[in-house]
Amino acid sequence: MSEGICELDGNVIDTNIDYPTYGNEEDDKPKQVQCQWWKRPSGIAAVSLGLLCVLLLVRIIGLSVHYGAIGHQYFTERDNLQTNYNNLTKERDQLQFSYKNMTEERNQLQSERDKLQRERYELQSERDKLPSERDKLKSERDKLQSERDSFLHVFGKSNYYVSMERNNWEYANQDCLKRGAKLVIINNQKEQKFLISLNIHTWIGLTDSEAEGTWRWVDGTPLTTAYWGEKEPNSGGDKNKDEDCAGINNFWYSDPVKKWNDFTCNTQLNWICEKVNY
């Protein structure tokens, strides 16, 4: 049954109520009645609404399950990412530590390499010096051997060293002193003949530098036995010329024993050192 609401001359009336008709009412004037009809909701609408609610609930539950799964997956992935990050951080720290150690080892190796290179250069430099040092030592050895062999000239109780170089009288005198000997002192004719046999133009340890004409040996003893050559000593025939040092000249005089000559002390001659064996 339809139900509705009507308006009669501007008043709302219920159509479910039966209104009586009065005789004094003006029957010839029609009444204007306006009605609005509506239907009550049926069972189908209620079922539809219920189904809609169920569908919404199912949708909500489905979304909740879906987003719950998404959330679980998110947290799982987050934890995995955090674990991976921690592992990568540890690996990075280990790599940095290894890099530091390798850097230190590299620097140490470079330092050792530089040290070895310096030592190699030093060894090469020393090796390059060896030939010259060897030659120098060989020369010194030969000189020492020559000097040793020179001292093999033995006569009486004395050993004699004959120089291989030439220099002035004072140099010769000092050289003999350094050798623990003296510039040769001739004591007798036998020694004189021995020295002549060496066939060398040489200084002897005789001088008159302290007092002209007073000849003395280097040990301070005066000259007693002389072996001057002819017209010697004569200062070279010049009174103003000082010939204060004596030597043996094998080439100027015919006498086989008398071979002494006076020279200026700066003359360059060989010399003979004498070392007496007591």
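Check the entry above for the structure.
Just so it is clear, the structure is predicted and the values come from calculations on it, not from any experiment.

Enquirer: I tried to follow the overall build of the protein chain on my own but got confused; where do I start?
Expert: For the protein chain, the helix and strand inventory stands at three helices and eleven strands. Start at the N end of the protein chain and walk to the C end: the helices and strands fall as β-β-β-α-β-β-α-β-α-β-β-β-β-β. By the burial criterion, 23% of the 278 residues in the protein chain qualify as buried. Counting only contacts in the protein chain whose residues sit at least 6 apart along the sequence, the fraction spanning at least 24 positions is 66%. Accessible surface for the protein chain amounts to roughly 21,000 Å². Of this, 54% is attributable to carbon and sulfur atoms.

Enquirer: Could you clarify how one ought to interpret the side chain of Asp262 in this entry?
Expert: One can find Asp262 in strand β10 (residues 260-263). Asp262 sits in the buried class, given a relative accessible area of 2%. Polar contacts involving the side chain of Asp262 include one to the main-chain amide nitrogen of Asn234, which spans 3.1 Å. Excluding anything up to four places from it in sequence, Asp262 contacts Trp215, Trp228, Glu232, Pro233, Asn234, Ser235, Glu243 and Cys245.

Enquirer: Would you take a moment to explain the pattern of salt bridges for this structure?
Expert: Close approach of charged atoms lets side chains of opposite charge pair. The final tally for this structure, using the stated rule, is six salt bridges. Between Arg127 and Asp128 there is a salt bridge, with its nearest N and O atoms 3.5 Å apart. Note on Arg127: relative accessible area 52%, which makes it exposed.

Enquirer: Please explain the pairing of strand β7 (residues 202-207) as it appears in this structure.
Expert: Strand residues, when the strand is regular, have side chains that alternate between the two faces of the sheet. The buried fraction of β7 is high, at six of six residues. Here β7 shows two buried faces, one formed by Thr202, Ile204 and Leu206 and the other by Trp203, Gly205 and Thr207. The pairing of β7 with strand β9 (residues 245-248) spans three bridges and is classified as antiparallel. For Thr202, the partnering residue across the bridge sits in β9 and is Ile248. Alignment of β7 against strand β11 (residues 270-276), held across two bridges, turns out to be parallel. The residue bridging Thr202 from the neighbouring strand is Asn270, located in β11.

Enquirer: Honestly, the state of the cysteines in this entry has me stumped. Any pointers?
Expert: Any covalent bond linking the sulfur atoms of two cysteines counts as a disulfide. Under the defined criterion, the tally for this structure stands at two disulfides. Each disulfide pairs two cysteine sulfurs, and for Cys245 the partner residue is Cys265, the sulfurs being separated by 1.9 Å. Judged by the torsion about the S-S bond (95°), the Cys245/Cys265 disulfide is right-handed. With Cys245 in strand β9 and Cys265 in the loop between β10 and β11, this pair connects stretches of sequence that are 20 residues apart.

Enquirer: Whenever I open this one, the layout of surface pockets confuses me. Can you help?
Expert: The probe, sized like a water molecule, is rolled over the atoms to show the empty space still left. There is about 330 Å³ of room inside the largest pocket. Along its surface, the largest pocket is lined by 19 residues, and Ile185, Asn187, Asp219, Glu274 and Val276 are the ones closest to its centre. With three residues, β11 is the single largest residue contributor to the lining of the largest pocket.

Enquirer: What exactly am I supposed to notice about the nonpolar core here?
Expert: Proteins that are soluble and globular tend to have nonpolar side chains buried together. Of all hydrophobic cores here, the largest spans 19 residues; its most connected members are Ile186, Leu195, Ile204, Leu206, Trp217, Trp260 and Ile272. Looking at this core, the elements that each hand over two or more residues are β5 (158-162), α3 (189-197), β7 and β9. Other than its neighbours up to four places away in sequence, Trp217 contacts Val184, Ile185, Ile186, Ile204, Gly205, Leu206, Pro222, Leu223 and Trp260. Trp169, Cys176, Ala181 and Trp271 belong to the second largest nonpolar core, which has twelve residues in total.

Conventions and cut-offs
Residues numbered from 1 in each chain as written. Predicted model: local features only at pLDDT ≥ 70, side-chain atom pairs only at ≥ 80, totals over all residues. Heavy atoms only, no water. Helix = DSSP H or I, 4+ residues; strand = E, 2+ residues; numbered from the N terminus. Buried < 20%, exposed > 50% of the residue type's maximum accessible area, 1.4 Å probe, protein only. Contact = heavy atoms within 4.5 Å. Areas by Shrake-Rupley, 256 points an atom, 1.4 Å probe, with all protein chains shown as cover. Polar contact = N/O pair within 3.5 Å; in protein donor to acceptor, adjacent residues only side chain to side chain. Salt bridge = Lys/Arg side-chain N within 4 Å of Asp/Glu carboxyl O. Pairing = 2+ DSSP bridges. Disulfide = S-S within 2.5 Å. 1 Å grid on protein atoms, 1.4 Å probe; cavity = no way out; pocket = protein on both sides within 12 Å on 5 of 7 lines; lining within 4 Å. Points joined across faces, edges and corners; volume = space filled by probe spheres on them. Core = buried A, V, L, I, M, F, W, Y, C linked by side-chain atoms within 4.5 Å.

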